[in-house]
Amino acid sequence: MIIGAITGIKEMKSKLNITNLLNELGVLLGLISMGVLFSIFSKHFFTVNNLLTIALQTSIIAILAMGVTYVIITSGIDLSVGSILAVSGVVTGKALLAGLPIWLSILLGIGMGGLCGLINGVIISNFKIAPFIVTLGMMSIARGAANVITGAMPVSGLPQQFAFVGGGRIGIVPVPVIIMFTLAAILGYVLKRTSFGRYIYCLGSNEEAALLSGVNVKKTKIGVYVISGLMAGLAGVIMTSRLVSAQSAAGLGYELDAIAAAIIGGCSPLGGAGKIRETIIGAFIIGTMRNGLNLLSINAFWQQIAIGAIIIIAVYIDTVRRRKES
Amino acid sequence: MKELLRMEGIEKSFPGVKALSNVNIDVRAGELHALLGENGAGKSTLMKVLAGVYKKDNGKIYIKGEEIEDLNTELSQKLGISIIYQEFNLFPDLSVAENIFIRREPKNSVLNFVIDDRKLNKQTEEILSKLHLNIKPKTLVKNLSVAEQQMVEIAKALSMNAEILVMDEPTAALTESEIVELFKVIKELKQKGVGIIYISHRLEELEEIADRVTILRDGKYIKTVNYKDTTVDQIITAMVGRDLEDKFPPYEVKNINKSKILLNVKKLTAKNKLNIEDFKLYKGEILGIYGLVGAGRTEFAKVLFGKDKCDDFEVYIQGERAEIKSPIDAINYGLGYLTEDRKKDGLALNLSVEYNINLPSLDKIATNGIIDRQKAKMSAEKYIDALKIKTPGMFQLAKNLSGGNQQKIIIAKWLMKNSKIIIFDEPTRGIDVGAKYEVYELMIALAKKGVGVIMISSELPEIIGISDRVVIMREGRFTGELEREELKEKSILSYAIK
């Protein structure tokens, strides 16, 4: 009987490992098969240049999506990242025009993002208003602020050295791609290996239990919205640098791409689940599809439809998987 | 009198628990049949079988003499069975009339998908006046008092031509005068020939309305008697009498040093809900808090633990005045809390055993916020071994473990945190007998190490089985205190029931 039990457990383990592996690979498999398909249909797809282009095009959405991932794991949502991107970019642009040093202007832009996130977090955790509502409000406020600051006119004439952040390369790799992967490493580590990261998961899995286990729920919630804001701020700086111009209309609708990337990557809107690595893959799925469909000269409107369909399919797969687990 | 309902030899099991075995009850037209038993005796389960919510495993149900094989909720309603649960099934934002006729609204004679509001309100008025109720059909339910809402439930049942009416603790939330009104309605219903099954903990109120009494205990049928042929004492004895052997670890007499007060609640009040004075917990004792559902035990625990707000809070922990404003404060003062509903607020079910065990103690295994994975694994392993938590591994998700093992994860949390006072709220609810025994052993071992254990429980046997001292709560205050030697089920119940 004991032997039976042991083999039973072993079988369970190996079975678990296979399903785990499939689960882990799930999103990546999607990305790879998409890549294979595009390679078959277009000879321009699988080239170093094009892959770097995809990475560059994906980097801004990926950076936003990482912050959003933190938020979604706590079972929150952040609709304001696209607008925060704009206001942060505008702040950086204006600071540069005012003659402030580049590093300070960048910090001001990122700080602006952090401030917006802080406001989101404080309102959500102190006044107990649903994150959907608060960040919807911030979406409008931040966009409005960007318009007020610029009068809806582009801020151009930025110093040439500043263009390095968004447009430069180290070796052949674009700087935003390097920033994206560095941040992914850091944010992934924080989520997995720190107390703060664990609190985020516990909070999302069961807020009541987290509270009764002594987790500082307020602080943790504020923390994730600040991080989301900081990421959006940084994305705004990169975007401004790439265009060498700050625009109050920048990043319009990007919050949806960012949320889509996180969801496709396996973040559960119910909270408690999600990984930075997979969010990055989710962002790449969106980026790759845009690029591939462009190469195949399929117009942008169809791309919208395809992305919408993928979101629903991804969430459906996730739901089925969860149902099987329980 | 005509027999309306007969349930014979009803059996029902849930995984790991036999909820009903061989239970009988019958109801005649125009009688009030009281269904009595402690919490967990099987009353609600039996009524859910009658409602068609649960399927019986075995037994027979006859309604008006006809055997009904497959009872479901729809059929049950069609056959004239109506159940008024403690938690009402009303829509607060709809009107009284809309609630009473939900899904059966009278329709316009021409456009048969349009609700005829005039007819709806008129029919409602008729029903309400039959019950002599002064409620307007158009009033929104959320604007009614609890008693009025209950009347709406009764009116709804009558509108469906209910012949068998089940009332689960109908007086629990009513004031004295509202109860008088309710009893008037009940008497009228009896005269109309409705058969009523009446579940209540307030034995004294049966005097006025009960015809017969059926008593359940531990899911078993004990007896059915005419109310006038029995006494409250006999009823209580039938409700509790049982042998406790083997269910609990043998009791060891302890010398509790009453100068070592761990917790001293001088005054703790919360508006209308709690009024507690002079509550003491000594080092190394297991203190049972008994009370019926709604007596305020969990509310007390949650206020003490900083989860819920209160008005007065004068609490001393190990002689020191404690300011507890959040669970974080409580935990820092050495408190630990096993909640009543581990799935709702005890565990992060989608996370691993290791995550859950270490959650309150991350400061012990992390430096500068970065977790030492080796330490995390070691501590999880230590408690999985010590508490014999049955799991394929520490990375298994908490939701995949059995109830008893989930409970042990939560105990492990507070052991790891080194809590000095641990509140166990219904620690053995929904776990099997073997696991219960292990949980008792753990509590006893904790007390031996000097931890102050507070056990909130609705199960008298476990209160008597392992407590060193028992306090009884009713309506938000402590109504009695008994030392180990004085513990008798009857005396405890008499403090809890009035």
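With an unreviewed UniProt entry as reference, chain B is termed Ribose transport system ATP-binding protein, source organism Natronincola peptidivorans. The record in UniProt for chain B states the following under Subcellular location (unreviewed entry): "Cell membrane".

Named according to an unreviewed UniProt entry, chain A is Ribose transport system permease protein originating from Natronincola peptidivorans. Quoted verbatim from the Subcellular location (unreviewed entry) heading of the UniProt record, the comment on chain A is "Cell membrane".

Peer 1: Describe in detail the pairing of strand S3 (residues 32-36) of chain B, supporting the description with residues and values.
Peer 2: Residue and element names in this part refer to chain B. Of all five residues in S3, five are buried; the element is thus mostly enclosed. Burial of S3 is two-sided: the residues Leu32, Ala34 and Leu36 facing one way and the residues His33 and Leu35 facing the other way are all buried. Pairing of S3 with strand S8 (residues 195-199), which is carried by four bridges, proceeds in the parallel orientation. Following the sheet pairing, Leu35 is matched in S8 by Ile199. Pairing of S3 with strand S9 (residues 212-217) involves four bridges; the strand directions are parallel. Directly across from Ala34, in S9, lies its bridge partner Val213.

Peer 1: Let's hear about the sheet that holds strand S22 (residues 477-483) of chain B: which residues, and what values?
Peer 2: Residues and elements named next belong to chain B. Spatially, six strands are ordered S16-S19-S20-S13-S21-S22 in an open sheet, and the strand pairing comes out mixed. The sheet terminates laterally at strand S16 (335-338) and S22, the two strands that pair on one side only. Averaged over neighbouring strand pairs, the angle between their axes works out to 20 degrees when direction is ignored. Here strand S19 (residues 421-425) pairs with strand S20 (residues 452-457) via five bridges, running parallel. Residue Phe424 lies in a different strand from S20, and its bridge partner there is Met455.

Peer 1: Could you give an account of the interface of chain A and chain B, with specific residues and numbers?
Peer 2: Taken together, the contact pairs 23 residues of chain A with 25 residues of chain B. Those elements giving two or more residues to the side of chain A that touches chain B turn out to be helix H1 (2-41), helix H8 (195-205) and helix H9 (207-212) of chain A. Per element, the largest residue contribution to the side of chain A that touches chain B is six residues, and it comes from H8 of chain A. Residues belonging to the side of chain A that touches chain B are distributed by class as follows: 10 nonpolar, nine polar and four charged.

Peer 1: Can you explain the domain arrangement of chain B? Please cite residues and give values.
Peer 2: All names here are of chain B. In terms of domains, chain B is made up of domain 1 (3-240) and domain 2 (261-496). Each of domain 1 and domain 2 has a C-alpha centre, and the two are 36 Å apart. Here the side of domain 1 that touches domain 2 takes three residues from helix H8 (residues 232-240), the largest share from any one element. Here the residues of the side of domain 1 that touches domain 2 sort into four nonpolar, five polar and one charged.

Peer 1: Could you give an account of the sheet that holds strand S15 (residues 320-322) of chain B, naming the residues involved and the relevant values?
Peer 2: What holds strands together in a sheet is hydrogen bonding between their backbones, with the strands either parallel or antiparallel. Residues and elements named next belong to chain B. As summarised here, the arrangement of the four strands in space is S12-S11-S14-S15, forming an open sheet in which the pairing is antiparallel. Among the strands making up the open sheet, the edge pair consists of strand S12 (274-282) and S15. For this sheet the average axis-to-axis angle between neighbouring strands, irrespective of direction, equals 15 degrees. Bridging between strand S14 (residues 312-317) and S15 involves three bridges; their strand directions are antiparallel.

Peer 1: Lay out the pairing of S14 of chain B with the relevant residues and their values.
Peer 2: All names here are of chain B. Judged by which residues are buried, S14 turns out to be one-sided: Phe313, Val315 and Ile317 face inward and are buried, whereas Asp312, Glu314 and Tyr316, on the alternate face, are not. Both strand S11 (residues 261-270) and S14 contribute to a ladder of six bridges, which runs antiparallel. Each bridged residue has a counterpart across the sheet, and for Lys267 the counterpart in S14 is Glu314. Following S14, the chain reverses through two residues before pairing antiparallel with S15; Gln318 in that reversal takes a positive phi of roughly 50 degrees.

Peer 1: Could you give me a rundown of the UniProt feature "transmembrane region" (unreviewed entry) in chain A, with the residues and numbers involved?
Peer 2: Residues and elements named next belong to chain A. Following the UniProt record, the feature "transmembrane region" (unreviewed entry) maps to residues 21-42, 54-72, 79-96, 102-123, 130-150, 170-191, 222-244 and 300-317 here. Taken end to end, residues 79-96 is 89% helix and 0% strand, and its two terminal C-alpha atoms sit 28 Å from one another. This span, residues 102-123, is 100% helix and 0% strand, and a straight line between its end C-alpha atoms measures 32 Å.

Peer 1: Break down the nonpolar core for me, with residues and values.
Peer 2: Leu64 of chain A together with Met443 and Val453 of chain B are the most contacted members of the largest nonpolar core, which has 178 residues in total. A total of 14 residues in this core trace back to one element, the largest contributor, which is helix H10 (residues 217-243) of chain A. Beyond its immediate chain neighbours, meaning those up to four positions away, Val453 of chain B contacts Ile286, Leu287, Ile422, Phe424, Met443, Leu446 and Ala447 of chain B. Formed by 60 residues, the second largest nonpolar core is a distinct cluster that contains Val27, Leu46, Ile81 and Met151 of chain B.

Peer 1: Outline unusual backbone geometry, supporting the account with residue identities and numerical values.
Peer 2: Phi is positive for Lys128 of chain A, which is not a glycine, with a value near 55 degrees. In this structure, Lys128 of chain A sits in the loop between helix H4 (102-127) and helix H5 (131-150). Accessibility expressed as a C-beta count within 10 Å gives 7 for Lys128 of chain A, which makes it exposed. Positive phi outside glycine occurs at His132 of chain B, with the angle close to 55 degrees. Of note, His132 of chain B is situated in the loop between helix H4 (117-130) and helix H5 (146-159).

What counts, and where the lines are drawn
- Here the residue numbering is sequential within each chain, running from 1 through the sequence in written order.
- Just so you know, chain letters begin at A and ligand numbers begin at 1, following the order they were written in.
- Thresholds applied to this predicted model are a pLDDT of at least 70 for local features of residues and 80 or more for the giving and counting of side-chain atom pairs; totals over whole chains, interfaces and linings are not thresholded and use all residues.
- UniProt positions are given in the numbering used here, feature names are shortened, and annotations may be inferred rather than shown by experiment.
- Burial is judged by counting other C-beta atoms within 10 Å of a residue's own C-beta: 20 or more means buried, 12 or fewer means exposed, and anything between counts as partly exposed, with every C-beta placed from the backbone.
- Put simply, DSSP marks the helices as runs of H or I at least four residues long and the strands as runs of E at least two long, and each gets a number from the N terminus on.
- At least two bridges found by DSSP between two strands are what make those strands a pair.
- Axis geometry follows a simple rule: fit a line to the C-alpha atoms, using only the stretch in contact for helices, then measure angles between N-to-C directions, giving values from 0 to 180 degrees.
- By definition, residues are in contact whenever their C-beta atoms, placed on the basis of the backbone, come within 7 Å of each other.
- Each residue is assigned to one of three groups, with Ala, Val, Leu, Ile, Met, Phe, Trp, Tyr, Cys and Pro labelled nonpolar, Asp, Glu, Lys and Arg labelled charged, and all others, Gly among them, labelled polar.
- A domain assignment, automatic or from a database, supplies the domain bounds used here.
- We define the nonpolar core as any set of buried residues of the types Ala, Val, Leu, Ile, Met, Phe, Trp, Tyr and Cys, connected via C-beta atoms lying within 7 Å of each other.

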